[in-house]
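Architecture at a glance
Each chain, letter by letter, is given below.
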Amino acid sequence: VLLVRNRMEFRALGSRCPHYGAPLSKGALRRERLRCPWHGACFNIKTGDIEEYPSLDCLPCFKVTVEDGKVFVTAKKKVLTLPGVTKHKQHLGLASLVGVAALVCAETLRQEGFTGRIIMATKEKHVPYDKSKLSKEMNLKAEDVYLRKPELLAAQGIEFWKEKEAVLVDFQKQKVHFMDGSSQKYNRLLIAAGSHSNFLKVPGADLQNVCFLHTPEDSRKILELATGKNLVIIGASFVGTRLDKARLPGSVHQLGTQMGALCSLGQQLCPGSGWVWLFLQQCKLEFPSQRSNQLPLPFQMLQNKRVKFYMKTELLELKGKDGKVTEAVLVGGEKLPADVVVLGIGVFPNSAFLKGTSIARDDHGAILVDLHMQTNIPNVFAAGDVVSFPVALLNGERSSIHHQQVAEAHGHIAALNMLKKGKELHTVPFFWTTMLGKTIRYAGCGKGYTETVVKGSLEQQKFLIFYIKDGIVTAAASLNCDPMVSLIAEVLYSGQQISKEEAE
């Protein structure tokens, strides 16, 4: 039990974050909000309710009494029962790729008292699962990473249609058509179709054992194929570099085609390299180095673990034998042995099935939504990786942010506005990872930053970075400095600005 004193009031709550079990005693408390030090989930200390994701569950609250200067906490086991769902007057279709946005939307609707029919349809064979674990523990079964068990969805009256791919939406008739020829009418529709990895456009890309990492089956396949063999990872994207903690006793090479960098990893996939690349590619952020001609510090940390980086290089082609890949050839002529190739060269929105319809999309195919997650079509909402939305920290400029916490916030807001609550999106993007035993956190949106302020010690590998645009902090990142980024996230959430002078 965590006992919190806020001003003159005492509150008692569960002491561990329901997401990954982080100790909330080490989190950030601001007014009536308690934020997890690891992943940024935020809870109301009065009710235990979720106020920021990625946690899918609230905190338990316990009775507190104060007598004769002593504080007493009364806790008893509660049997949680879900309300009966008997009315099915409306059809609510959720077209998704088993993403968390659709899951949160469906559960929020039930929590808000919606008793109509809810359908989640996906082309996959699984209920929503924690995709971040696919690159960490690659020998897990799909059931081990489920965010919700099928029976829990059923208990909430949420229909789950697996291997049911949407191929067309008729917005005039309010009907979704599926690959198997069937169709389903809706009154409200959420499109949370996620994103897909870009395809490799070099000779040999169609060889066997050239893989994507999308599903639990992909993860286990890569582990089986690559154990004791030569693995080449192409790309500097999220998927291409989150293969951390996966121990593959063989030779591993990583080629950052878009960033122009190649790193050779020996013996195992090196822990945490993913978020280093993600900062550089998706968020356009950089970690500092002690001298201008050095690699950024996290890269130096990897280099000290026998990771070799080859800068400004590209993949020329993949070569094979008997239809299977055997070699990756670089532009400079260097050849890397490759029994398995994993692609992670960026993503594109899964919105091709909407081509030719009247729904508004940007040049990349992302669905345009407002702060209510509403599209330009009445009663149609969209959420997660498939959307471009106004970002408050960018003064309303549109962006696509591909991360679980943001997708969950989208799903929650979409549900509220399906119910005519008039609720706008208000969230601070929060990213995390661990690299070589060091924690890396990032909060905010640093796109277009022009300056940085670094606090702490690069040599001791413990520091905090502020990213500055127009004299104002728009994002912060840290290495081994919990819970500083959680504290800054709370300040940014409140709307309070942090000046460059204050950061210094």
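Residues numbered from 1 in each chain as written. Predicted model: local features only at pLDDT ≥ 70, side-chain atom pairs only at ≥ 80, totals over all residues. Heavy atoms only, no water.

If you look the protein up in an unreviewed UniProt entry, it shows as AIFM3 factor from Hemiprocne comata. Quoted verbatim from the Sequence similarities (unreviewed entry) field of the UniProt record, the comment on the protein reads "Belongs to the FAD-dependent oxidoreductase family." (UniProt positions renumbered as here; feature names shortened; annotations may be inferred.)

**Notes on the nonpolar core**
Formed by 99 residues in total, the largest nonpolar core has its most connected members in F171, L190 and I191. Listed in part, the 18 residues of the second largest apolar core include F466, V485, I488 and A489. (Core = buried A, V, L, I, M, F, W, Y, C linked by side-chain atoms within 4.5 Å. Buried < 20%, exposed > 50% of the residue type's maximum accessible area, 1.4 Å probe, protein only.)

**Focus on the packing of helix 1 (residues 100–111) against helix 7 (residues 404–418)**
Where helix 1 meets helix 7, the closest approach of the two axes is 7 Å, and the angle between their N-to-C directions is 35°. The two elements helix 1 and helix 7 meet at a crossing, and its hand is right-handed. In this structure, helix 1 contributes V100, A101, V104, C105, T108 and L109 to the contact, and helix 7 contributes Q404, A407, E408, G411, H412, A415, L416 and M418. Its residues placed into classes, the contact of helix 1 with helix 7 shows 9 nonpolar, 4 polar and 1 charged. (Axes fitted to C-alpha atoms, helices over the stretch in contact; angles between N-to-C directions. Helix = DSSP H or I, 4+ residues; strand = E, 2+ residues; numbered from the N terminus. Left-handed = near helix turned anticlockwise from the far one by under 90°. Contact = heavy atoms within 4.5 Å. Nonpolar A, V, L, I, M, F, W, Y, C, P; charged D, E, K, R; others polar.)

**Remarks on a nonpolar patch on the surface**
The grouping of V1, L3, V66, V71 and V73 at the surface amounts to a nonpolar patch, some 390 Å² of accessible area in total. Within the secondary structure, V73 is located in strand 8 (residues 70–74). On the accessibility criterion, V73 (34% relative accessible area) is partly exposed. (Patch = residues over 30% accessible without salt bridge, like charges linked within 9 Å, V, L, I, M, F, W, Y side chains within 5 Å. Areas by Shrake-Rupley, 256 points an atom, 1.4 Å probe, with all protein chains shown as cover. Salt bridge = Lys/Arg side-chain N within 4 Å of Asp/Glu carboxyl O.)

**Focus on the sheet that holds strand 13 (residues 175–178)**
Within the open sheet, the 3 strands sit side by side as 12-13-14. Their pairing is antiparallel. Because the sheet does not close on itself, it has two edges, and the strands there are strand 12 (166–170) and strand 14 (183–185). Geometrically, the sheet is characterised by an average inter-axis angle of 20° between neighbouring strands, direction not taken into account. Pairing analysis gives 4 bridges linking strand 12 to strand 13, with the strands arranged antiparallel. (Pairing = 2+ DSSP bridges.)

**Let's talk about the sheet that holds strand 27 (residues 367–368)**
One key point about sheets: their strands pair by backbone hydrogen bonds, in either a parallel or an antiparallel sense. Strand order across the open sheet formed by 3 strands is 27-29-30, with mixed pairing between neighbours. Pairing within the sheet leaves two strands with one partner each, and these edge strands are strand 27 and strand 30 (397–399). Pairing of strand 27 with strand 29 (residues 387–391), which is carried by 2 bridges, proceeds in the parallel orientation. When the bridges of strand 29 are listed, L368 appears paired with S388.

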